[in-house]
Amino acid sequence: LRRCLRDEGGSSDGTAEEDEPGRDGEERDGDPTLACLAAFATVFFPLRTKRSGRVSGNDEPAIPMAVVKVLWEKVLADRGFGSASNADGAILRISEQLAKFGVLELTKRDRFMGGVCARFSHGMQLAHARSLEVREFLGKDGAKSLHEAVVDSVLGREGGPDWESATSRTGSRRSGAELVYAVECILRPHLVQANMLEEAGKILSDEAFLLARLSHLGIIEGVQRQIQDCDDLAKRLLDDENSGESEDEQKSAWARDPIRVVVDSFDALAECLAVLVEKEGRIGLRSQMRQDLSADAGTALNELGRSLAERNCWEEALSHYEAALEFIRPCRGRDGLMASTLRNAAIASLRLGRRAEARQALDECLRIRVTSVGDEDLSFAEALHWMGEIQASDGEYDSALDAYDKAREIMKLCPDQTDIEISRVLFSKGNLLKVLGEASKAKDAYETSLALKIEELGSNHEEIAAMHYKLGLLASGGSQGGVQEGTRRLQEAIRIKKLQSAKKTDEAVADVLFFEGILSNLNGDQTKALDLANLAAEILQAELGEDLKVAEVFNCIGDIHASLGDFDQAVQFHEEACAIQRELLNERHLIIASTQKLLGGALSNIDDEEDRGSELLLESLQIFEEKVGENDERVAAVVHLLGVSSVKEGDYDEAIYNFKRELRIRTILRGEDDESVATALIDLGIVHETKGEYPEAMACFKRVEQTRRQAGGENNLEVADVLSEIGALHEKLCEYDRALEAHDEVLRIRRANLDPHGEIIAETMIEVGKIHVRKGSYNEALKLLNEVLGWEDNGIDGLRIGDAQFHIGCVQSFKGEYDDALQSFEMAFKEKAAVLDENDEVFAEIFKQMAGVFLEKGFANDTHRKEAVPHLKEAIRRLKAKIDRTEEDVASVMSLEGTLFYCQGEWDNALDRLNSASGILKSLFGKEHERVASLLELRARIYCEKEEFSTAVKLLEDSLAIRRKLFGFVHLEVANTLHCLSFVYQVANMPEEALKYAEEALQMRKMGLGECEKVATTIEMIAFIHQALGRTMDAKGLLEESLEVKRNVYGDQHTSIAQTLCILGEFLMETGDFDSANHCFSDCLEMRREILGYDHDEVASTLCTVAMAYFHQQMYDKSLEYLKEALQFRRAAFGDDHLLVGEVLQMGGLVHLANGDTKKAMMLLWDCLRICELNNDKLKMAATWSLIGQAHVSNKELDQAIAAYEEAVLLRKSVPGTPVSEEDILEIGKLYNDTGRLKDAVDSYETVLQMRRDTYGDNNEQVASILHDIGALHFRNGDRDRGGSAFVEFIQIRKLCGRDDPELANALFTVGNILAVKGEKENAHECWVDALAIYESIGLGDDHPVIVKLRRYTESGIPGVTHMPGPGMLLQQASRRLMEQSANLRSSRAVSSARNLFRGHAGSNCTIESISEE
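Bear in mind that the values here come from a model prediction, so they are computed numbers and not experimental data. (Residues numbered from 1 in each chain as written. Predicted model: local features only at pLDDT ≥ 70, side-chain atom pairs only at ≥ 80, totals over all residues. Heavy atoms only, no water.)

## With respect to the overall build of the chain
Here's step 1: For the chain, the count of helices and strands is 66 helices and 3 strands.
Here's step 2: At a minimum sequence separation of 6, the contacts of the chain that also span at least 24 residues come to 61%.
Here's step 3: When the accessible surface of the chain is summed, it comes to about 62900 Å², and 47% of that surface belongs to carbon and sulfur atoms. (Helix = DSSP H or I, 4+ residues; strand = E, 2+ residues; numbered from the N terminus. Contact = heavy atoms within 4.5 Å. Areas by Shrake-Rupley, 256 points an atom, 1.4 Å probe, with all protein chains shown as cover.)

Written as structure tokens, this is what we have:
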């Protein structure tokens, strides 16, 4: 047509071209207009041929006039070649032009017609019809008009087309020719091209049309033409479905499922076949002809089934195969057709999971093949191959392998065989060997199959892609090199599949997506892998339905979800995969067992699903053991999962059994030196470690280390991995030197193999730094940790930065830099919280360490201990939320709960928890472990609070012994225990012992830490001890040294320096150096204001301290002035009812009380009491009642004073774990004595005596002091025997303590007098001699009455003495002085107690003017 148009004298774009020779080399001299018209006529409506193939020139051409006119108007007339009016004339010369065009061949002159006879090829015309595109010349609208005209001329007649005329012998020649063309070519060239898809679908299912097509073309050709037309229509419907409206195309308004259209058309065609066969049978054809017709119908139905099978419509395909068998069975001599149809039916049944039906059909097929062609024919081998597939799906693996091998051997011997059939058998065998776990044999089968297929099909066939995919999966499951090979194979499979997907084959598109998903997963991009695999699954499920390929994709998706920790989604996909496989395979099939393994593993990670997971794993294990035996990789894999499940359930014995079984299997399969054996050993070692079986764990790790060193050399990264486990275990066992050695080697190996600034190196450096922290090598630790922090800009993960910050905080805490430590811990929390959920158990350790900081700060400070409470609660909450808690975790929770109770003052509950935690830790680690030592120290603190000092000392000595054994005699942890021991001895009033331990601790801390906060704190403790020993100058020098250390550490401005200034000021005040004390207080106040601001409570606390300093200097107005300022700050900050306000009010009451203004004192104290009651702080209420009692004593209101002190005692008793105040009971006893209630007074003093015996033991100075008071009371009450007994015990204790003072001399004098009255003159004489020596040593002169009297008694005795008037005036005076000194001491202690108790919170609505009014 192009050539005709060019012959017009111009090309389609208006340019002139040279004439071209015709097909036969002759010049084209015909009318181009008629030639063009003839070409169109030829293409679309060939002449009706007679059986001879000749036509007469007088015959009317089978060309609808409407079509010719459309061609004329749209093409010829538009080009100026004429008008529509002469179109009829043009038809007269069509035959001649057809000949010119080369379609007709002139043969001879017909003597009857006088015209031209022509012979033409009908196939040639149809080829033109199928290849020529007319839109290029007619345009979009013109082409559509053309096709609509054709369709309308054939189908649009009134009453519809008369399809019978297509085969009628009597019908109109013209109409018959048109309908014949319609039967052959109406669909694709016209209906489909005109987008008349609905009409096409209706015609393809129209019974009359189908019968006409079968009658005209014959059954076989008619069915083939129907299949082709259905393919074209389905493709066009699919194209419409996958693309939107474009410039050149418009989607059909008729939208149907393409598969459904094909299925409906084929069903209609099958019914027509049955009608046609029945109709011809009624006509009475000969028997052979009837059998041939029936066989043709069977063949046609077989073709329909095959076409449906290619579309994965297996149910519909099977129905056509079964219908075909009904037609074929009666036919004689059709064994080959019968066998092939049975084979096809068997394949369809197998695809539908109907394995019994498939086996039955294939058995019959094989019998027919044996009887018809023998068992060495290619067709028999093909059937045998499929029998192997059925046996494999039924779990008959040995029989299947035999079938594959036999089929392959037969194919090799067949003369007409092709390698493609052998390669397919090998592919099936490779699949089965892979299922059986024989990866090496499977690989060999795949590779042989691949080579054969490439030779037969080339390298770009879709079957080649499947081979590469299988080989890629096999390779990627191995070593790093295998992963690389797997990646290469998958990339090749993707390349080939993309060639298929370019043809818009849905399954090929899905395969590409799936393969790319697997490749992304191998490369670590699980998110992309999931997206691709999900798309593939969606397409395949729509395309294939329930198919094993769909199940494979589902399992892959489930695996990826499991690797991401999304086990709920993993379970969902594995369950769907398992359901499909159960429909298609034997329920004991290995493929199903593999999916059950995946499903069971995922369920084991979901709460409340662990039991179901274990059941599936056990069922999977049974199948594997039954099918492949015990010593198989998959058995080892399931046993491994069962071990993991047992660990999660806390059944460590069962876990060890499973891991040992896994280890045995892998050793048998791969040998002792294989990496899988090493991995199993590590798992086993970790369980032993979790169970506390550390020697067994270490043995496992050491064995792995040896294996990996032999396999990969000294610098192998896998060696570093197991060394990391070994180092962690040494650390847990407190073997820090060995732990450091292991981690140092890990760092060396990893630095040699990895990015020196990468995540793994940073993590390893942190581990090494952590060990240095535990060893006390703080400088080395800080160097490593700070180096990691310096990599933050290099993209180091926030978790690593958080870890480094955390361990830096630990160093700062150990050095006593508490504020810096808290800041580091907060930064660690921030870094980790940006990556993890804030409720993650990782944060428990951070909160625990933050609580530890407050505990260290609050070693003897109740306020700081309470600051630890919220952090302890957060740590406990996170640890309790941990799912797979071990015994060690339980111990950690208990120890934290014990610490919490300790901070809250609940001593008994604290001890209960700590004892339980200690028991667990001892069972895990043994008695000599760092954590056991730490709990011993904490328990000692509690007993110290309970004033059970002997128990506290015993616990600390045990802790000290453990730490010395673990760390040696010189170590910072040992120093910590020594420091704690010193504190207990100091509180127990044993300063000499306290000093010994404190100085040893100081020496170690100076060696290990240098100048730091903790060293300064220890120096201050030693200063307090020297002060208690009366070594004032030594104490002052030490406090000044502490101040100097802190200035060297922090500079001139720091809160810690301010604290030491305050301590130094209090010390100087007690020594009477008030000017220096005031200077220290002033510097402290100024520094705190500068650092913290004027409105900070530490400033208010300093104001209170300064106020009390002026109080002790009896500068009461100055004291009240500072209290007023403190009260203003605290009211503004906390309100009127806060406990910190109450502290100031109580101090104000104390100042007024000392100044003699009991009225104002009482007013402030009662308001303080109101605040304490509002806040339900019973201890602070008790302290306030004690001061109220003192006020009543000052007012001589003794009964009210007794009531106040008794209220204080009752309040203290109501707080669990709080000891009763000795001072309050002693005051009550004194008041009883003053009011004449001597018996009650004695009872009070006896109570105090028992308390002191319990606290200090029997031979302590504190016990002696109260015995002296009790003796004096008994003498006053006239009970000389009991008074004497008390004095005798007092004398014994004082002599043991080595103290000689007037009290002892007094007691000796009195006891000597009593013994003399009783007639025990020798004992009396001994007492008098001792008393005389003491009096003389303290400077009493020779003329002193006591000296004179004692010399007279010692020289001559006191004959005639019959009455001893008690202790005498001297004893009374001495006793009174003693009582007054005790009262002063009690007053001082009360002030100190009040100040300590109120270092918390308080408030009042009392005006400050009432304090400063005087």
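Anyway, onward from the coordinates.
## As for the pattern of salt bridges
Here's step 1: Using the criterion set out here, one finds 103 salt bridges in the structure.
Here's step 2: Between Glu-492 and Arg-495 there is a salt bridge whose closest N-O contact spans 2.7 Å. Of the two residues, Glu-492 and Arg-495 both sit in helix 23 (residues 480–501), 3 residues apart, roughly one turn of that helix.
Here's step 3: By relative accessible area, Glu-492 is classed as partly exposed at 23%.
Here's step 4: Between Asp-1243 and Lys-1239 there is a salt bridge, with its nearest N and O atoms 3.8 Å apart. Residue Asp-1243 and its partner Lys-1239 are located together in helix 59 (residues 1238–1256), separated by 4 residues, close to a single helical turn.
Here's step 5: For Asp-1243, a relative accessible area of 37% gives the class partly exposed.
Here's step 6: Each of Lys-702, Glu-705, Arg-709, Glu-714, Glu-745 and Arg-748 takes part in one network of salt bridges that share partners. (Salt bridge = Lys/Arg side-chain N within 4 Å of Asp/Glu carboxyl O. Buried < 20%, exposed > 50% of the residue type's maximum accessible area, 1.4 Å probe, protein only.)

## Points about a negative patch on the surface
Here's step 1: Together, Asp-611, Glu-615, Glu-649, Asp-651 and Glu-654 make up a region of like negative charge exposed at the surface.
Here's step 2: Inspection of the secondary structure puts Glu-649 in helix 30 (residues 633–649).
Here's step 3: Judged by relative accessible area, which is 45%, Glu-649 ranks as partly exposed. (Patch = residues over 30% accessible without salt bridge, like charges linked within 9 Å, V, L, I, M, F, W, Y side chains within 5 Å. Lys, Arg positive; Asp, Glu negative; His and termini not counted. Charge placed at Lys NZ, Arg CZ, Asp CG, Glu CD.)

## What about the confidence of the model for the chain?
Here's step 1: Residues at a pLDDT of 70 or more form 79% of the chain, whose mean pLDDT is 79.
Here's step 2: Taken together, the stretch residues 78–137 has pLDDT below 50 and engages in 116 contacts with residues farther than four places along the chain or on a different chain.
Here's step 3: pLDDT under 50 marks residues 1359–1414. Its contacts with residues more than four places away, or in other chains, come to 121 contacts. (pLDDT = per-residue confidence, 0-100.)

## Looking at the environment of Ala-383
Here's step 1: Within the secondary structure layout, Ala-383 lies in helix 18 (residues 378–393).
Here's step 2: Distance in space between the C-alpha atoms of Ala-383 and Ser-340 is 8.6 Å, their sequence separation being 43 residues.
Here's step 3: Ignoring any residue separated from it by four or fewer positions in sequence, one finds Ala-383 in contact with Leu-362, Cys-365 and Leu-366.

## Points about the packing of helix 44 (residues 930–945) against helix 46 (residues 972–987)
Here's step 1: In contact at an axis separation of 11 Å, helix 44 and helix 46 are set at 15 degrees when each is read in the N-to-C sense. Relative to helix 46, helix 44 is oriented roughly parallel. Both helix 44 and helix 46 take part in a crossing whose hand is left-handed. Residues Glu-930, Glu-937, Arg-941 and Cys-944 of helix 44 pack against Glu-973, Asn-976, Thr-977, Cys-980, Phe-983, Val-984 and Val-987 of helix 46. (Axes fitted to C-alpha atoms, helices over the stretch in contact; angles between N-to-C directions. Parallel < 35°, antiparallel > 145°, perpendicular 65-115°, else oblique. Left-handed = near helix turned anticlockwise from the far one by under 90°.)

## Quick word on the packing of helix 15 (residues 314–328) against helix 16 (residues 335–351)
Here's step 1: The N-to-C vectors of helix 15 and helix 16 enclose an angle of 155 degrees; their axes lie 9 Å apart at closest approach. Put simply, helix 15 runs roughly antiparallel to helix 16. Considering how the two elements wind past one another, helix 15 and helix 16 form a crossing that is left-handed. Between helix 15 and helix 16, the residues in contact are Trp-314, Leu-318, Tyr-321, Ala-324, Leu-325 and Ile-328 and Leu-337, Met-338, Thr-341, Leu-342, Asn-344, Ala-345, Ile-347, Ala-348, Ser-349 and Arg-351, respectively.

## Observations regarding unusual backbone geometry
Here's step 1: Residues other than glycine seldom take positive phi values, yet Asn-1176 does so here, at roughly 55 degrees.
Here's step 2: Position of Asn-1176 among the secondary structure elements: in the loop between helix 55 (1158–1174) and helix 56 (1178–1194).
Here's step 3: Non-glycine residue Lys-1196 carries a positive phi angle of around 60 degrees.
Here's step 4: Within the secondary structure layout, Lys-1196 lies in the loop between helix 56 and helix 57 (1198–1213).

## Comments concerning helix 16
Here's step 1: Along its 17 residues, helix 16 runs 24 Å from first to last C-alpha, staying within 8% of the 24 Å computed at 1.5 Å per residue.
Here's step 2: A large share of helix 16 lies buried, amounting to 14 of its 17 residues. (Expected span 1.5 Å × (residues − 1).)

## A few points about the nonpolar core
Here's step 1: Of all hydrophobic cores here, the largest spans 196 residues; its most connected members are Phe-825, Ile-846, Tyr-902 and Leu-1123.
Here's step 2: Setting aside residues no more than four positions away along its own chain, Ile-846 makes contact with Phe-806, Phe-825, Ala-828, Phe-829 and Lys-832.
Here's step 3: Counting 139 residues, the second-largest nonpolar core is a separate cluster that includes Leu-304, Ala-442, Leu-490 and Leu-544. (Core = buried A, V, L, I, M, F, W, Y, C linked by side-chain atoms within 4.5 Å.)

## Topic: a nonpolar patch on the surface
Here's step 1: On the surface, Phe-969, Val-970 and Met-1007 cluster together into a nonpolar patch covering about 350 Å² of accessible area.
Here's step 2: Here Met-1007 shows up in helix 47 (residues 991–1009).

## Here's the deal with the environment of Gly-1217
Here's step 1: Secondary-structure assignment places Gly-1217 in the loop between helix 57 and helix 58 (1222–1234).
Here's step 2: Non-local contacts of Gly-1217, meaning those with residues more than four positions away in its chain, are made with Gly-905 and Trp-907.

## Focus: the packing of aromatic side chains
Here's step 1: Evaluated as defined, the whole model comprises 20 aromatic pairs.
Here's step 2: Judged by centre distance (4.9 Å) and plane angle (40 degrees), the rings of Trp-1328 and Tyr-1353 are tilted. Remark: Tyr-1353 occurs in helix 64 (residues 1345–1356) and Trp-1328 occurs in helix 63 (residues 1321–1337); sequence separation between them is 25 residues. Tyr-1353 matches Trp-1328 in its accessibility class, with the two residues each being buried.
Here's step 3: In this structure, Lys-453 packs its charged tip against the face of Phe-427, placed 4.8 Å from the ring centre. (Phe/Tyr/Trp six-rings, centres within 6.5 Å; stacked < 30°, edge-to-face > 60°. Lys NZ or Arg CZ within 6 Å of the ring centre and 35° of its normal.)

## Side note on helix 45 (residues 949–967)
Here's step 1: For helix 45, with 19 residues, the first-to-last C-alpha span of 26 Å sits near the 27 Å given by 1.5 Å per residue.
Here's step 2: Along helix 45, the residues classified as buried are Phe-949, Ala-952, Val-953, Leu-955, Leu-956, Ser-959, Leu-960, Ile-962, Arg-963 and Phe-967.
Here's step 3: Those residues of helix 45 that are buried are in contact with helix 35 (736–753), helix 36 (759–775), helix 44, helix 46 and helix 59.
Here's step 4: Remark: Gly-968 follows helix 45 within two positions and exhibits a positive phi of approximately 95 degrees.

## Brief notes about the side chain of Ser-645
Here's step 1: When you line up the elements, Ser-645 lands in helix 30.
Here's step 2: Among the polar contacts listed, one links the side chain of Ser-645 to the side chain of Ser-614, at a separation of 3.4 Å.
Here's step 3: When neighbours within four sequence positions are excluded, Ser-645 is seen to be in contact with Ser-604 and Ser-614. (Polar contact = N/O pair within 3.5 Å; in protein donor to acceptor, adjacent residues only side chain to side chain.)

## A short note on the side chain of His-979
Here's step 1: Relative to the elements of secondary structure, His-979 occurs in helix 46.
Here's step 2: Under the relative-accessibility criterion, His-979 is labelled buried at 10%.
Here's step 3: Apart from the residues within four sequence positions on either side, His-979 is in contact with Ala-1001, Arg-1005, Thr-1018 and Met-1021.

## Things to note about the environment of Ile-220
Here's step 1: If you trace the backbone, Ile-220 turns up in helix 12 (residues 219–242).
Here's step 2: Spatially, the C-alpha atom of Ile-220 lies 9.8 Å from that of Gly-298, the residues being 78 residues apart in sequence.
Here's step 3: Excluding residues that lie within four positions of it along the chain, Ile-220 makes contacts with Asp-296, Thr-299 and Ala-300.

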